[in-house]
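Each chain, written out:
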Amino acid sequence: MQIRSRAATAASLLGATISALALSACAPGSGSASEADAEETISIVGFAVPEAANKNIATEFAKTADGEGVKFQTSYGPSGDQSRAVAAGLEADYVHFSVPTDVTRLVDEGLVADDWDQGENKGVVSHSVVVFGVRDGNPKNIKTWADLVKPGVEIVTPNPASSGAARWNALAAYGQVISDGGTEEEATDYVDKFFKNVVSLPSSGRDATTAFLGGTGDVLMAYENEAILAAQNDEGFEYVLPDTTLLIENAGAILEDASEPSQAWLDFVLSDEGQTQFALTGFRPIRDDVDFGGTVEGAADPSNPFPPVGTLLTVDEDFGGWDEVSTKFFDEENGLIFEAILGAGLSLE
Amino acid sequence: MTSTEIAAVRPARTPRRSGPRNTLTRSSGLGLGIAMIWFSALVLIPLAAVVVTAADGGWQAFWNTITGPQTAAAIRLTVFTALGVTAVNVVMGPLIAWVLVRDRFWGKSVLEVMIDIPFALPTIVAGLVLLSLYGNADSPLGIDIANERPAVFLAFLFVTLPFVVRMVQPVLEELELDVEEAAASLGASRFTTFRRIILPSLTPAITAGAALSFARGVSEYGSLVLLSGNLPFKTEVTSVRILSSIENDNVVAAASVATVLLAISLAVIVLLDVIQRRVAARG
């Protein structure tokens with residue numbers, strides 16, 4: 001009796017050990033399963049917003065010689081999460097992220113070629129700009145960046161700490177001071193004031209829009225394309241294009257071991273046909289001469305959907321590129337933007 | 001004949017009686033094995049991985065992470081709010097269960113089903129509902145707590161509501177009314193009956209519900225992100241801090257905060273168990 005039960009205990013413990021070993025053994029080396037039949041399939045992994053555009057581009061692509069018979073597998077979600085998923089082994093041929101740092105993560109993992117951003121498009125597949133979402137009729141009369149830091153104006157912006165895409169907003173707030181001739185101190189001061197007026201820092205752009213539509217705040221820091229797409233989906237809000245704003249450059253790349261038609265797909269995305277589909281869902285085309293028909297439903301003025309911006313800042317020219325931006329503004333320890341958020345938070349306590 | 005039979009049986013029985021250290025038969029050993037594999041794969045190994053990751057950066061990095069002012073504030077807010085919510089649930093849960101078990105009223109079965117809704121609703125939908133009800137100047141209820149600390153409390157309350165109710169309810173259903181009647185006939189007041197007869201039987205269930213409710217509150221994310229505003233030092237909870245660390249590719253920091261939460265939850269669960277034993281012993 002005793003011996004038997006001891007053996008049973010041993011068996012059960014052995015079972016547990018084996019299961020542990022088996023698990024640790026099969027942890028690495030995933031993701032090569034569907035290699036054989038993946039020839040004519042393109043796996044798209046991207047951030048959520050361009051889903052509609054990519055779907056339309058895929059339909060057009062299927063009509064070309066390169067795209068005939070090509071199947072698509074798609075996965076859309078928060079940019080950072082999607083990038084980490086690919087780094088961890090999610091099957092992908094083409095990635096489309098809201099910030100270039102999500103692609104550089106894959107370069108560091110050896111999944112994307114070093115020279116992904118050396119092409120004519122510099123790794124950028126879609127454009128947009130930072131805009132202010134306002135309440136109907138713009139009751140607080142918000143037109144400029146200076147209006148945002150007035151007392152009593154409540155700002156909703158996605159949290160730059162937890163959303164890579166939200167970093168565009170924070171950079172725009174800083175950069176517009178410099179481009180108006182301000183010093184770095186004045187720009188830092190502006191950002192401090194800006195975050196003191198922030199009443200809600202939702203984790204993602206999606207949550208921020210939901211919170212704003214739910215009645216929080218006077219101003220939503222948003223992207224022009226998302227404002228247009230929201231209007232197309234009947235949950236729109238009025239938006240204001242400030243005189244000075246930041247050009248949002250969404251990054252796209254194909255992976256090193258991408259399937260056969262992926263290069264043709266990327267070329268098609270960058271072509272006038274591809275860019276037209278982006279324009280129709282609210283993105284600004286990456287070239288000014290793309291003829292998308294001139295009308296975009298959901299834009300503030302559908303017949304002039306993408307009015308020229310007075311001063312358009314870019315990360316490369318005005319901020320010295322993403323490497324510099326990441327350390328100067330978004331370092332967890334002493335990034336300028338994070339310090340501003342901390343400072344605003346401390347003053348609340 | 002009979003005496004020899006007894007003698008033959010006795011030695012076989014004795015070890016079982018005197019030392020119940022191991023009562024496994026072959027089939028129950030198999031059961032334990034399956035349970036262990038299941039438990040290891042789903043809980044033990046992932047938890048161990050979190051702790052190991054947290055240890056990756058060394059003690060100093062771990063300490064710096066969890067004592068950083070923003071993270072420490074988030075941990076304080078989360079833990080104290082979860083404790084407060086648990087305290088409310090310990091009072092409200094048995095009360096609701098009592099109403100559901102002992103009273104007959106119109107709409108009872110509907111209420112019975114409604115209790116579970118916080119379980120069933122995706123938390124982000126809960127967040128959306130809370131936002132539309134309590135989140136702005138033209139709130140239909142005239143309550144606007146958006147981006148304030150009560151928002152966190154409310155969200156925790158919402159998602160943890162069913163735990164104590166559902167733990168207490170079946171126990172209350174099993175309780176014999178005779179015992180209460182006997183107590184009453186012996187001259188016990190209603191309060192004494194409740195304190196000496198009912199409460200001791202409910203205590204284990206209340207404690208278990210409280211532990212679940214605390215653990216659920218500490219880990220809550222979805223239902224509060226829209227309403228709380230995630231403001232550092234004010235309404236930012238630990239799950240949002242963890243998310244930020246992950247977005248910054250700082251897995252070690254994320255795991256460190258998670259480990260602290262794990263330790264706190266464990267401590268609270270053990271503490272509740274000790275309290276429950278005390279109360280049970282006294283009753």
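About the cut-offs
- Every residue gets a number counted from 1 within its own chain, in the order that chain's sequence is written.
- The order in which chains are written sets their letters, starting at A; the order in which ligands are written sets their numbers, starting at 1.
- Whole-chain, interface and lining totals are the exception, using all residues; otherwise, since this is a predicted model, local features are given only for residues with pLDDT of at least 70 and side-chain atom pairs are given and counted only at 80 or more.
- Excluding hydrogens and water, the side-chain values take into account all heavy atoms of the structure.
- Domain delimitation in this document rests on an assignment produced automatically or drawn from a domain database.
- By definition, residues are in contact when any of their heavy atoms lie within 4.5 Å.
- Buried area: the sum, over both parts, of the accessible surface (1.4 Å probe) that disappears when the two are put together.
- Salt bridge, as applied in this entry: a Lys or Arg side-chain nitrogen positioned within 4 Å of an Asp or Glu carboxyl oxygen.
- Polar contact criterion, stated in full: a pair of N or O atoms within 3.5 Å, where within protein one must be able to donate a hydrogen and the other to accept it, and residues adjacent in sequence count only if both atoms are side-chain atoms.
- Gly counts as polar in this scheme, as do all residues outside two lists: the nonpolar Ala, Val, Leu, Ile, Met, Phe, Trp, Tyr, Cys and Pro, and the charged Asp, Glu, Lys and Arg.
- The helix count covers DSSP runs of H or I at least four residues long, the strand count covers runs of E at least two residues long, and both are numbered beginning at the N terminus.
- Here's how the labels work: a residue is buried when its accessible area is under 20% of the maximum for its type, exposed when over 50%, partly exposed in between, all with a 1.4 Å probe on protein chains only.
- Only residues whose relative accessible area exceeds 30% and that take part in no salt bridge are eligible for patches, with like-charged residues grouped when within 9 Å of each other and nonpolar side chains (Val, Leu, Ile, Met, Phe, Trp, Tyr) grouped when within 5 Å.
- For every accessible area listed, the method is Shrake-Rupley and the probe measures 1.4 Å; residues are considered covered only by the protein chains on display.
- By the counting scheme adopted, Arg and Lys are positive, Glu and Asp are negative, and His together with the chain ends is not counted.
- Every charge is mapped to an atom, namely NZ of Lys, CZ of Arg, CG of Asp or CD of Glu.

Here we come to the domain arrangement of chain B. Residue and element names in this part refer to chain B. Here the domain parsing of chain B yields domain 1 (24-56) and domain 2 (58-282). Computed over C-alpha atoms only, the centres of domain 1 and domain 2 are separated by 27 Å. Taken together, the contact between domain 1 and domain 2 spans seven residues of the former and nine residues of the latter. Sorting the residues of domain 1 by area buried against domain 2 places V50, T53 and A54 first, and these three jointly supply 61% of that buried surface. The interface formed by domain 1 and domain 2 contains zero salt bridges. Where domain 1 meets domain 2, there are two residue pairs in polar contact (both at pLDDT 80 or more). In the side of domain 1 that touches domain 2, the residues fall into five nonpolar, one polar and one charged.

For the rest of this paragraph, the subject is the interface of chain B and chain A. Between chain B and chain A, the contact holds 39 residues from the first and 41 residues from the second. Between chain B and chain A the total buried area reaches about 3,200 Å² when both faces are included, carbon and sulfur atoms providing 56% of it. Contact with chain A buries area across many residues of chain B, yet F233, E247 and N248 of chain B alone supply 20% of it, more than any other trio. Where chain B meets chain A, there are three salt bridges. Ionic pairing is found between R84 of chain A and D249 of chain B, a salt bridge with its closest N-O pair at 4.0 Å. For the pair chain B and chain A, the interface holds 10 residue pairs in polar contact (both at pLDDT 80 or more). Listing elements by their share of the side of chain B that touches chain A, those giving two or more residues are α2 (26-55), α4 (69-102), α7 (123-134), α11 (222-228) and α12 (238-247) of chain B.

Further remarks concern the pattern of salt bridges. Residue and element names in this part refer to chain B. Enumeration according to the criterion identifies 19 salt bridges over all chains in this entry. Across the pair R166 and E112 runs a salt bridge whose closest N-O atoms are separated by 3.9 Å. Of the two residues, R166 is situated in helix α8 (residues 149-174) and E112 in helix α5 (residues 108-114); the sequence distance between them amounts to 54 residues. Note on R166: relative accessible area 21%, which makes it partly exposed. Salt-bridge contacts for K234 lead to E148; the nearest nitrogen and oxygen are separated by 3.6 Å. Linking K234 in the loop between α11 and α12 with E148 in the loop between α7 and α8, this pair joins segments that are 86 residues apart in sequence. Taking the relative accessible area as the measure of exposure, K234 reaches 18% and is therefore buried. Of the residues examined, E148 reaches a relative accessible area of 37% and is grouped as partly exposed.

A few words now on a nonpolar patch on the surface. There is a patch of nonpolar side chains on the surface, built from V88, V90, V91, M92 and L95 of chain B and spanning about 380 Å² of accessible area. Taking relative accessible area as the criterion, M92 of chain B reaches 38% and is therefore assigned partly exposed.

Attention shifts here to a negative patch on the surface. There is a patch of like negative charges on the surface, built from D108, E109, D114, D115, E256 and D257 of chain A. Along the chain, E109 of chain A turns up in the loop between α4 (101-108) and β4 (124-134).

The next subject is unusual backbone geometry. All names here are of chain A. Positive phi, normally seen in glycine, also occurs at N141, with a value near 50°. When you line up the elements, N141 lands in the loop between β4 and α5 (145-148). Among the residues examined, N141 registers a relative accessible area of 44% and is labelled partly exposed.

Residue and element names in this part refer to chain A. Of all nine residues making up helix α8 (residues 205-213), seven are buried, and the element is well covered by its neighbours. Taken together, the buried positions of α8 are G205, D207, A208, T209, T210, A211 and F212. Backbone geometry just downstream of α8 places G215 in the positive-phi region, at approximately 110°.

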